[in-house]
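# Geometric and topological summary
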Amino acid sequence: MRAHQAVCCLLVGFASVARGAAAQKDSIAQLETRIRTGDSLDAETQFRLGRYYEFARRYDDEERAFRTAIAADPRYAPAYLWLGDLPYVREPKLIKDEQKNRVPPEWTKALDDAARLRVQALLIDPLVDWRARDEKPIPQDMVSVPEYSGYEKETTNYLGWIGIAGLAYERYELSYSAIDLYRTRRFGALPEDSIPAWVFFVHGLAAGHLNAYDKASADFETLMKRATAVERSDSVINFPLNTNDFRYLLAIFKERMRKPADAVQLYQDAINADLGFYMAHVHLAQIYRQYRMWDKAVAEAQAAVDANPEDPSLPLDLGVIDAEAGRGAEAVAALKKAVALDPRCPTAYYRLGVVAQQANQPADARDAFTRFIAIAPHQMATQVADATQRLSTLH
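Cut-offs applied
- Residues numbered from 1 in each chain as written.
- Predicted model: local features only at pLDDT ≥ 70, side-chain atom pairs only at ≥ 80, totals over all residues.
- Heavy atoms only, no water.
- Helix = DSSP H or I, 4+ residues; strand = E, 2+ residues; numbered from the N terminus.
- Areas by Shrake-Rupley, 256 points an atom, 1.4 Å probe, with all protein chains shown as cover.
- Expected span 1.5 Å × (residues − 1).
- Bend = angle between axes of the 7 residues up to and from the residue.
- Buried < 20%, exposed > 50% of the residue type's maximum accessible area, 1.4 Å probe, protein only.
- Phe/Tyr/Trp six-rings, centres within 6.5 Å; stacked < 30°, edge-to-face > 60°.
- Contact = heavy atoms within 4.5 Å.

What the protein chain contains, in helices and strands, is 20 helices and 0 strands. Counting every atom, the protein chain has about 18700 Å² of accessible surface; 51% of that belongs to carbon and sulfur.

As structure tokens, this is what we get:
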């Protein structure tokens, strides 16, 4: 079995245990009631409901809830991750089947789709949590590692296991330290290319969660260079992420290190390698927006829309940037496109109402605010109050 598959299977297995241990603060009935009475468009509420369906073994309902969460927010990474784990929850023996390369033919497509969903979660947010929210971390006394003479190899392998488990249970300091020690004991002074990719992958993710972005960047730069060399040699790539994915993830960590010039170059390289890499355009637009470079911000936001025209979150981003750049008419047009793509997006209606009002388009503003108030979830109570006040001033 490939190293990355082993890591993914172990993470899936650990995450499933953690998910089962999560405390239920609301009942399924309570959450279903909340959704019926106004939170149906809130991704977080749909995601929480999906989790509870899993605890109740209502897997079809769980899948529906997670897909509804994604429809409400196409960049809600946890829903992609849990959907990617769902086949293993439905059929736990698939973890061992995959480790032994004995996946039943009827599950092959489902596992391929699941792998893509997990990668999508990682690309949306490389620091997405693998374990269930609200689940208590592993007690510290459960991770002491005794050293026995003659069993040094077993202890070293156990450290690698702890590194992966720590990532799954959100014990990032433990994961980082365990993988560090595993690498030192297992590989010592051997050259870097002797170390398997999964070590850098786990170490880099743990470092990122600890805000050690310099360490994370170093790990993902190693992975990117290694993947590039493998692709040039026409060898089989033994990792679910390709060179451009690593380049993109490295750009994210550079961005978080507050090295915008490095990040911009990497995002641009990612786009040059794949013109459809719309999330790179999204990040570039936000970087230029931060520095008020409006022409470039608008151009990148528009490029993201062009690269993925069915995603309603992208014209929403474009409309917000247009509005901040003082392009009122263009902002209205972009936000109208967003609500046309997703007529159930409350944020887009609210933004459209504000921008239309500022652009002296009272009819559009009135319609947008009215629709927003009708569908807004409870979490947007502040915006509902503002929209109501604005409506009262429109004639």
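Next, the rest of the story.
With 14 residues, helix α5 (residues 77–90) extends 21 Å from end C-alpha to end C-alpha; this agrees with the ideal 20 Å at 1.5 Å per step. Gly 84 marks the point of greatest bend in α5, at about 30°, and the proline Pro 87 comes within the next four residues. With 13 of 14 residues buried, α5 lies mostly within the body of the structure.

A few words on the packing of aromatic side chains. Applying the stated rule across the entire model yields 16 aromatic pairs. Ring plane angle 50° and centroid distance 6.3 Å describe the contact between Phe 220 and Phe 246, whose orientation is recorded as tilted. You can see Phe 220 sitting in helix α11 (residues 213–232) and its partner Phe 246 sitting in helix α12 (residues 243–256), a full 26 residues away along the chain. Residue Phe 220 shares its accessibility class with Phe 246, and that shared class is buried. Members of the aromatic cluster, each reached through a chain of ring pairs, are Phe 201, Tyr 213, Phe 220, Phe 246 and Phe 253.

Counting through the fold element by element, Gln 268 comes out in helix α13 (residues 260–273). Here Gln 268 falls in the partly exposed class, since its relative accessible area comes to 30%. Taking the C-alpha atoms as reference points, Gln 268 and Ala 251, 17 residues apart in sequence, are found 9.6 Å from one another. Aside from chain neighbours lying at most four places away, what touches Gln 268 is Leu 284 and Tyr 288.

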